[in-house]
Amino acid sequence: MDRIENHPILGPRKSKREPVDFTFNGEKWAGLKGEPIAAALLAVGIRTLRRHEESGSPRGLYCSIGHCMECRLNVQGKGTVRACLTPLEAGMCISEGERLPNEITGRRLP
Amino acid sequence: MTPAFPFDLLIVGAGPAGLSAAVEAASRGLCVAVVDEFPEPGGRMLGQFHEEKGHWWVGRQVAEQLLDKCSALGVKIRCGVSVHSILRSGAEWVLKTSEGSMQARNVLLATGSAEIPHPLPGWTLPGVMSIGAAQVMANVHYVKPGRRGLIIGVNVLAMAISRELSVSGVSIAGIVLPGIGPITGKEASPKESLKELMGLAHLAPSPLMRIGGKAANALGMAGFVSRFIPRSGIKIWDIPLRLRTVAVSINGRSQVQSVTLADVNGEGAVIPGSQREELVDFVAIAGGLYPLAELASVAGCPFVYAEELGGHVPVHDEQMRTPVEGLYVAGNITGIESALVAMAQGRLAAATISGDTGLLGQHHDQEVQEAMQDVRRVRASALIQFRPGIQEARDQFYRKCGRFQREKNGIKEEG
């Protein structure tokens, strides 16, 4: 999605943020250091942050402020984090939240 | 990050209530710390702006002024820190956080509110988000939530944020009603939505909205809706407000591609054959707000349900004191209102805490009374009122809480 470079009311972003590289599911992307992972991914058009643990259906950010827990994904060295609250760092290896093997639930899903 | 000494006051939440309380308490000599799990202080004010008498009220500027004062007064602000437990240990509170534990003699919970969703088929698709999420993405992180979006839910929050998104350059296909269902209930009907909108008629510059209030009263709500609101909706700030349209389902394979809309009659029943698809790449659900109060519950504070205040609210008196020793509340945790009211409540809570810790000297009653009057004054003049009759609802709530306190203390009610 488009970034807003100069907000018509709020003006440009006050603190200049340095561009950094990161990977998502092994693919290389660029974002801004310190912005939430969810914002960096949305800016490059990635909405699916997680597969539902049981059904595998795609999930994205919902509340964007840490309340709903829908955006949890994995960051190497940090484990499961909320993408909407976790600041992007240079060289981060990020992967989507994964569907779990169904042996855990024992249920068969369509 | 365990300090060697406990803070006089630890505030959870760096929004309008928390920061205002921090400034007031620190200026009275208390050693104050603020924690917030968002990476940046300011709370939801960071993304809020609206037009007021010809100029823009910008929440971020208000937050920056408060932060400047905080830093001049030596308030410690820790962001990106989540509080997950609160325990009373002797004369102190111990808060467990994602960065270790913190101790304080007094705790102010200024945790704000969370959004109520309107679940409908397809709402788990990526691209569906709460209206607040769209606001945060566009106005705080400067990333558009999508190219063209539909807002589901007609209320103050939906109107205010749709306007912000539109100003920020995000195309809004319209604001529609959620269908009437087991969760949304009657407020999803055109009749009820219009009633709610009347409370914010003065926020919209559109003369239609202002006339709307009188016309609706004169004609009766259902009559007004069916006679005067065209199917295409009314344009408010160039955003089509479609009071006769409901969202039936959100469609897409791996993300939002469209929303199925349908027309409804004045009572909210779908008109057969009116279904059609609206192409959008994001959907924002606006279900309203409820007080975010889990920590008060963990701390052992009792609750009272107050519909007008947005749900279950921690018991507290008008000075922002809970029945739990050393525990105070301010802002939306006490009921849903605007940022200016939250700020006044923060200042009041700080005055009360300073008084309770003996810092205000002999005039403390007067200072607390003045801060209380200030909250009432700000509330009465608030441009954005989330609910009509909020002061009456507050008065009723305080009476209820007072009764609760007296019963707890074993004092029998008269009559």
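Scroll up to find the structure this text is about.
Here is a short report on the structure shown in this document. (Residues numbered from 1 in each chain as written. Chains lettered and ligands numbered in written order. Predicted model: local features only at pLDDT ≥ 70, side-chain atom pairs only at ≥ 80, totals over all residues. Heavy atoms only, no water.)

A few words now on the overall build of chain B. Counting its secondary structure elements, chain B contains eleven helices and 21 strands. Across the 415 residues that make up chain B, the buried fraction comes to 59%. Pairs at least 24 residues apart make up 64% of the contacts formed inside chain B by residues separated by at least 6 positions. Per element, the accessible surface of chain B, about 16700 Å² overall, is 52% carbon and sulfur. (Helix = DSSP H or I, 4+ residues; strand = E, 2+ residues; numbered from the N terminus. Buried < 20%, exposed > 50% of the residue type's maximum accessible area, 1.4 Å probe, protein only. Contact = heavy atoms within 4.5 Å. Areas by Shrake-Rupley, 256 points an atom, 1.4 Å probe, with all protein chains shown as cover.)

Turning next to the interface of chain A and chain B. With 34 residues of chain A in contact, the opposing surface of chain B contributes 42 residues. Where chain A abuts chain B, roughly 3300 Å² becomes buried across the two surfaces, and 62% of that area is made up of carbon and sulfur atoms. Taken together, the elements giving at least two residues each to the side of chain A that touches chain B come down to strand 2 (11-12), helix 1 (37-43) and strand 6 (58-59) of chain A. Per element, the largest residue contribution to the side of chain A that touches chain B is four residues, and it comes from helix 1 of chain A. (Buried area = accessible area lost by both parts, 1.4 Å probe.)

Before going further, it helps to spend a moment on the packing of helix 1 (residues 16-27) of chain B against helix 2 (residues 59-72) of chain B. All names here are of chain B. Packing of helix 1 against helix 2 brings their axes to within 9 Å, and their N-to-C directions diverge by 30 degrees. Taken as a pair, helix 1 and helix 2 cross one another with a handedness that is left-handed. Only Ala 63, Leu 66, Leu 67, Lys 69 and Cys 70 of helix 2 make contact with helix 1, whose side of the interface consists of Pro 16, Leu 19, Ser 20, Ala 22 and Val 23. Of the residues that constitute the contact of helix 1 with helix 2, the class distribution is eight nonpolar, one polar and one charged. (Axes fitted to C-alpha atoms, helices over the stretch in contact; angles between N-to-C directions. Left-handed = near helix turned anticlockwise from the far one by under 90°. Nonpolar A, V, L, I, M, F, W, Y, C, P; charged D, E, K, R; others polar.)

All names here are of chain A. Of the pairings in the sheet, the one linking strand 7 (residues 72-75) to strand 8 (residues 79-82) comprises four bridges and is antiparallel in character. Residue Val 75 lies in a different strand from strand 8, and its bridge partner there is Gly 79. Here strand 7 folds back onto strand 8, and the loop between the two strands holds three residues, one of which, Gly 77, carries a positive phi near 90 degrees. (Pairing = 2+ DSSP bridges.)

The next subject is the sheet that holds strand 4 (residues 27-32) of chain A. Residues and elements named next belong to chain A. Spatial ordering of the open sheet is given by 4-3-9-7-8, a layout of five strands whose pairing is mixed. Looking at which strands have only one partner, the edges of the open sheet turn out to be strand 4 and strand 8. Taking each pair of neighbouring strands and ignoring which way they run, the sheet shows an average axis angle of 40 degrees. Of the pairings in the sheet, the one linking strand 3 (residues 19-24) to strand 9 (residues 93-95) comprises two bridges and is parallel in character. Within the sheet, the bridge partner assigned to Thr 23 lies in strand 9 and is Cys 93.

Every other side chain in a regular strand lies on the same face of the sheet, so the side chains alternate between the two faces. Residues and elements named next belong to chain B. In strand 17 (residues 282-285), alternate side chains face the same way, and those of Phe 282 and Ala 284 on one face and Val 283 and Ile 285 on the other are all buried. In terms of strand pairing, strand 10 (residues 128-130) meets strand 17 through three bridges, oriented parallel. Following the sheet pairing, Ser 130 is matched in strand 17 by Ile 285. Of the strand pairs in this sheet, strand 11 (residues 148-152) and strand 17 are connected by four bridges, and their pairing is parallel. Of the residues in strand 17, the one forming a bridge with Ile 152 is Ile 285.

On to helix 9 (residues 339-356) of chain B, then. Residue and element names in this part refer to chain B. When the terminal C-alpha atoms of helix 9 are compared, their 25 Å separation across 18 residues agrees well with the 26 Å that a helix rising 1.5 Å per residue should span. Burial within helix 9 is extensive, with 15 of its 18 residues counted as buried. Just downstream of helix 9 lies Gly 358, where phi reads positive at about 80 degrees. (Expected span 1.5 Å × (residues − 1).)

In this section: the pattern of salt bridges. Residue and element names in this part refer to chain B. Inspection of the entire model under this criterion finds 27 salt bridges over all chains. Where Asp 317 meets Arg 321, a salt bridge forms, and the shortest distance between an N and an O atom there is 2.9 Å. The partly exposed category is assigned to Arg 321, whose relative accessible area is 28%. Of the charged contacts, one joins Arg 379 and Glu 337 as a salt bridge, the two residues approaching to 2.8 Å between their closest N and O atoms. Residue Arg 379 is found in helix 10 (residues 364-381), and its partner Glu 337 is found in the loop between strand 21 (327-329) and helix 9; the two are separated by 42 residues along the sequence. For the pair Arg 379 and Glu 337, a shared accessibility class is recorded, and that class is buried. (Salt bridge = Lys/Arg side-chain N within 4 Å of Asp/Glu carboxyl O.)

Residues and elements named next belong to chain B. Evaluation of the coordinates by the stated rule reveals three aromatic pairs over all chains. An angle of 65 degrees between the planes, with centres 5.7 Å apart, marks the rings of Phe 49 and Trp 56 as edge-to-face. For the pair Phe 397 and Tyr 398, a centre-to-centre distance of 5.9 Å together with 75 degrees between the ring planes defines the contact as edge-to-face. Neither Phe 397 nor Tyr 398 differs from the other in exposure class; each is buried. (Phe/Tyr/Trp six-rings, centres within 6.5 Å; stacked < 30°, edge-to-face > 60°.)

Once that is clear, we can look at unusual backbone geometry. Positive phi, normally seen in glycine, also occurs at Met 69 of chain A, with a value near 70 degrees. Inspection of the secondary structure assignment puts Met 69 of chain A in the loop between strand 6 and strand 7. With a phi close to 60 degrees, Tyr 142 of chain B is a non-glycine residue in the positive phi region. When you line up the elements, Tyr 142 of chain B lands in the loop between helix 3 (131-139) and strand 11. With relative accessibility at 4%, the residue Tyr 142 of chain B sits in the buried group.

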